[in-house]
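Here are the chains, one letter per residue:
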Amino acid sequence: MAKIALGAGHGYNTPGKRSPAGEREWSFNNKVVTAAIKYLNEYENATIIRLDDPTGNTDVSLTARTNKANSQGADILVSYHHNANTGQWGTWTGTETYHYPGSSSGLALARKIHLAIVGEMGLRDRGIKSENFHMVRESHMPAILIEGGFMDSTIDIVKMRNNTVLDLTGKALADSIASHFGLKKKVNGGSRQRYVEIVTDSLWTYNTADWNDKAVIVNRGEVFTVIRNKFPVGGGHMFQIKSGLYITANSNYVRYYAK
């Protein structure tokens, strides 16, 4: 059993934790952590210890967070944040991950997870760094603190406002944690192969999770392997298929099944 302590940094009303447009850091953090928990629940033997208040109403203290992780015997700790520079819009950019100075286990965990987050955020890789932060210092287990992007960056805020990007980042976090522990998918959570069959005459696929980014047309009766279950895009839902393309999840156009 892997005990995974996860926390979205700060609370919804924490002073100063805002983008220049007034968006709350916790809201961005929470979307990634909520997605990570959702996807971790697809794995066997994963126990989640959530360290922040899931409603965001209370800014749980740093001491309370690390005490909870320590007392419940967490195997790892991940504190998820988004960064800020001057508090005014600028073009600084990037994702970085911190561990405690001299912690070889923290560094190993950071190496396992960091590039997955960079890949989904699609921002500059600012690297793995060490710092004397409370969350990584007072934890009795390998611990990292991730800064997904800059809230005051005109570059990064575009990604942070995209719920699909944050959901995929949460999935990347979950999958890299599962890989760290060697966890396997639950049978009823997706270890069986999943497919979609086209049930309309013809249908567009998409290069990315964007209804405007059309790729190629597929035809009735064609069957594709699903590598990512239904997730929200705009006013609808999509699947990702084995080729890397995306396809609608609307049951008027496709039939989804597993075997």
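The structure presented is a predicted model; accordingly, all values stated were derived computationally and were not measured. (Residues numbered from 1 in each chain as written. Predicted model: local features only at pLDDT ≥ 70, side-chain atom pairs only at ≥ 80, totals over all residues. Heavy atoms only, no water.)

### Details of the environment of aspartate 156
Quick reminder of the rule: The helix count covers DSSP runs of H or I at least four residues long, the strand count covers runs of E at least two residues long, and both are numbered beginning at the N terminus. In what follows, residue pairs with any heavy atoms lying within 4.5 Å of each other are defined as contacts. Whenever a nitrogen or oxygen atom comes within 3.5 Å of another N or O atom, the pair is scored as a polar contact, on the condition that within protein one atom can donate a hydrogen and the other can accept it, and that pairs from neighbouring residues in sequence are kept only if both atoms are in side chains.
Topologically, aspartate 156 is positioned in helix 5 (residues 156-160). Measuring from C-alpha to C-alpha, the distance between aspartate 156 and serine 103 comes to 29 Å, with 53 residues separating the pair along the chain. The contact partners of aspartate 156, leaving out residues within four places of it in the chain, are Trp92, Thr93, Gly94, Leu123, Gly149 and Phe150. A polar side-chain atom of aspartate 156 sits 2.8 Å from the main-chain amide nitrogen of phenylalanine 150.

### As for the pairing of strand 6 (residues 143-150)
Here is the key point about a regular strand: its side chains alternate between the two faces of the sheet. Our working rule: Burial classification: accessible surface area is computed with a 1.4 Å probe over protein chains only, and a residue below 20% of its type maximum counts as buried, one above 50% as exposed, and the rest as partly exposed. Paired strands are those between which DSSP finds at least two bridges.
Within strand 6, 8 of the 8 residues are buried, which leaves it mostly tucked inside the rest of the structure. The pairing of strand 3 (residues 76-83) with strand 6 spans 6 bridges and is parallel. Bridging across to strand 6, tyrosine 80 finds its partner in isoleucine 146. Summarising the sheet, strand 4 (residues 95-99) and strand 6 pair through 3 bridges and their orientation is antiparallel. Bridging across to strand 6, threonine 97 finds its partner in isoleucine 146.

### Side note on the packing of helix 1 (residues 25-40) against helix 6 (residues 163-181)
This is how it is decided: The axes used here are C-alpha line fits, helices contributing only the stretch in contact, and every angle between their N-to-C directions lies in the interval 0 to 180 degrees. Angles below 35 degrees are treated as roughly parallel, those above 145 as roughly antiparallel, those between 65 and 115 as roughly perpendicular, and all remaining angles as oblique. It is the rotation of the near helix from the far one that decides the hand of a crossing: anticlockwise by less than a right angle makes it left-handed, clockwise makes it right-handed. Ten residues, namely Ala, Val, Leu, Ile, Met, Phe, Trp, Tyr, Cys and Pro, are considered nonpolar, four, namely Asp, Glu, Lys and Arg, are considered charged, and the remaining ones, Gly among them, are considered polar.
Helix 6 packs onto helix 1 with a crossing angle of 50° between their chain directions and a minimal axis gap of 7 Å. One way to sum up the angle between helix 1 and helix 6 is to call them oblique. The two elements helix 1 and helix 6 cross, and the hand of that crossing is right-handed. Note on element contacts: helix 6 touches helix 1 through Asn163, Leu166, Asp167, Thr169, Gly170, Lys171, Leu173, Ala174 and Ile177, opposite Phe28, Lys31, Val32, Ala35, Ala36, Lys38, Tyr39 and Leu40. Classifying every residue of the contact of helix 1 with helix 6 by side-chain character gives 10 nonpolar, 3 polar and 4 charged.

### Some points on the nonpolar core
Going by this rule: Buried Ala, Val, Leu, Ile, Met, Phe, Trp, Tyr and Cys residues form a nonpolar core when they are joined through side-chain atoms within 4.5 Å.
By size, the foremost hydrophobic cluster in this structure holds 36 residues, and its most contacted members are Ile4, Leu6, Val78, Ile113, Ile146, Leu173 and Ile177. By residue number, the principal contributor to this core is helix 1, which donates 9 residues. For isoleucine 113, the contacting residues outside a window of four places in its chain are Val78, Ile144, Ile146, Leu173, Ser176 and Ile177.

### Observations concerning the environment of phenylalanine 231
Within the fold, phenylalanine 231 resides in strand 10 (residues 223-233). The class for phenylalanine 231 is buried, based on a relative accessible area of 1%. Separated by 64 residues in sequence, phenylalanine 231 and aspartate 167 place their C-alpha atoms 8.5 Å apart. The contacts of phenylalanine 231, once residues within four sequence positions are left out, are Thr164, Asp167, Ala209, Gly236, His237, Met238, Phe239, Gln240 and Tyr246.

### Considerations on the pairing of strand 11 (residues 236-241)
Of all 6 residues in strand 11, 5 are buried; the element is thus mostly enclosed. Across 5 bridges, the pairing between strand 10 and strand 11 is antiparallel. Looking at the pairing, proline 232 lines up with histidine 237 of strand 11. Hairpin connection from strand 10 to strand 11: 2 residues lie between these consecutive antiparallel strands, with glycine 234 at a positive phi of about 55°.

Just geometry here; none of it tells us what the structure is for.
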